Amino acid sequence: MVCESWKAKLDTYLDGELPEQEMRTFDAHVRSCPSCSADALTHVQMKRAIQVAGKRFTPSTDFRRRIERSIAPRPQRSFRLGWMVAAAAAVILVVGATTSTYMGTRSGRDQALRDHVYSEIADLHVATLASSSPVDVISTDRHTVKPWFQGKIPFAFNLPELQNSGFSLLGGRMTYLDQMPGAHLIYDVRKHHISVFVFQERSLSSKFPASLDENSLSPKQLPFNMETWTQGGLRYFVIGDASAADIDSLAKLFKAAS
Amino acid sequence: MSYGNKTTVYWFTLVCVPEESLPSESFEQLAMPHFERLYNFACWLTENRQEAEDLVQETYAKALKGFSSFQPGTNFRAWIYKILRNTFLTSRTGLKATSIVQLDLEGEEETLPAVKETPESILLQRSDGQLVQQALEQLPVAYREILLLCEVEEMSYQEISAALAIPMGTVMSRLSRARKTLRDGLRPRFQKG
């Protein structure tokens, strides 16, 4: 029956989602076909009923005020925010001072680019830990954290199994390095927080042609221990104030999982 | 029919929202017009007003924090609904709600039965809104949310696709199944009535 093919598209038609030409043809058919016209009426009634039934809950004015206050631009920075900014600024100064000394002994554009990346990573690590909500997905379960990144970053990666390793996963968040999206995971080991950053190597290498290999990094130039490597098209950074051995252990777990 | 203009309406919305060169103070101007709708949507998802308030509050906090990552020229409404939904899905209530239901036949196109006389048509003529509310409450959360986005929020398929992070084909098939499930849910209520 000809009408069957129309009826299958009836909801799409009523949602206004058919191509323009098909919409016009459907309009003409509905006007001339009593059966499709009756069906269309029923479906429109259903849409209206859902519209009415769906608009059900109204927020209180008190709650509205609370939200408005929470997102209103603040004239003065809070003590907490001020502290965070001061801490971040201090780290930038320290990293900047150490990297500039380093650059003095090894001048060159490549080294400057590398230092820029490392100091950015250090800033991201510190600024996140200073935040009142360092992670957007709070879970110790890698099977919860990994899918959370789906659709948020343009790549997938594996999280290691941590059983009996001493490390625990605290959660994750999206991050950006020079406007490139990446994953930021936070781990805990003996009360030390360690950040693991994952970015697409392709994106990084297009912006920073200099090699970011770990040999090029002098650990003395950063106030943290850090390891970085590339694997499967992804660039990993593991950074924190934990011991170099702990940083290396977590890096190995990631390398084994990838 | 007025539904034919739906796409035009949303293009109009996209064009009119001043999303280029967004200064931080414009977040409030962009976000607050969606407040009541977001709260309504949150109530339907959580089925609890207190949890809905927490969900909306967290959504606004996350959206404000991540506002610099919002890409001008893209749809703000779909962006903030996506944040709300992701926040809900990672909450305890959300994990519980989504773990119960498995949409195992999703993706398969469904042919709707050609029903001449439908119980819901008679039911709807009686304008019994409470029965429709109850039937909506009984829907799995994945069906409830897509119906609300389409019918109450009047989002285009493209916006729904962005808000739920699912392909357009899945939007159509899930919507179709949600409508069928709602109709099936209304039948026994009608028979009781």
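None of the values given here were measured: they were computed from a predicted structure. (Residues numbered from 1 in each chain as written. Chains lettered and ligands numbered in written order. Predicted model: local features only at pLDDT ≥ 70, side-chain atom pairs only at ≥ 80, totals over all residues. Heavy atoms only, no water.)

(A) Representation of empty space enclosed by the protein within the structure. Within the structure shown, the criterion is met by one cavity of 30 Å³ or more. What the largest cavity holds in volume is close to 70 Å³. Lining of the largest cavity is provided by ten residues; of these, D11, H43 and M46 of chain A together with R179 and R183 of chain B occupy positions nearest its centre. Only α4 (34–54) of chain A together with α11 (168–192) of chain B provide two or more residues apiece to the lining of the largest cavity. In terms of residues, the lining of the largest cavity owes the most to one element, α4 of chain A, which gives five residues. (1 Å grid on protein atoms, 1.4 Å probe; cavity = no way out; pocket = protein on both sides within 12 Å on 5 of 7 lines; lining within 4 Å. Points joined across faces, edges and corners; volume = space filled by probe spheres on them. Helix = DSSP H or I, 4+ residues; strand = E, 2+ residues; numbered from the N terminus.)

(B) Spatial organisation of unusual backbone geometry. All names here are of chain A. Even without glycine at this site, K191 takes up a positive phi of about 65°. Tracing the chain through its elements places K191 in the loop between β3 (180–189) and β4 (192–200). For K191, a relative accessible area of 80% translates into the label exposed. (Buried < 20%, exposed > 50% of the residue type's maximum accessible area, 1.4 Å probe, protein only.)

(C) Fine view of the packing of helix α5 (residues 76–89) of chain B against helix α10 (residues 157–164) of chain B. All names here are of chain B. Interhelical geometry of α5 versus α10 gives an angle of 35° and a closest axis separation of 7 Å. Viewed along their axes, α5 and α10 form a crossing whose handedness is right-handed. On α10, the residues touching R77, A78, Y81, K82 and R85 of α5 are E159, A162, A163 and L164. Here the residues of the contact of α5 with α10 are counted per class, giving five nonpolar, no polar and four charged. (Axes fitted to C-alpha atoms, helices over the stretch in contact; angles between N-to-C directions. Left-handed = near helix turned anticlockwise from the far one by under 90°. Contact = heavy atoms within 4.5 Å. Nonpolar A, V, L, I, M, F, W, Y, C, P; charged D, E, K, R; others polar.)

(D) Focus on the interface of chain B and chain A. Chain B puts 56 residues into the contact, and the matching count from chain A is 48 residues. If you look at where chain B meets chain A, you find five salt bridges. Its salt-bridge partner being R66 of chain A, residue E53 of chain B comes within 2.8 Å of it at the nearest N-O pair. Taken together, chain B and chain A are joined by 14 residue pairs in polar contact (both at pLDDT 80 or more). Sort the elements by how many residues they give to the side of chain B that touches chain A and helix α4 (residues 49–65) of chain B lands first, with eight residues. Broken down by class, the residue content of the side of chain B that touches chain A amounts to 26 nonpolar, 13 polar and 17 charged. (Salt bridge = Lys/Arg side-chain N within 4 Å of Asp/Glu carboxyl O. Polar contact = N/O pair within 3.5 Å; in protein donor to acceptor, adjacent residues only side chain to side chain.)

By themselves, these figures tell us nothing about what the structure is for.
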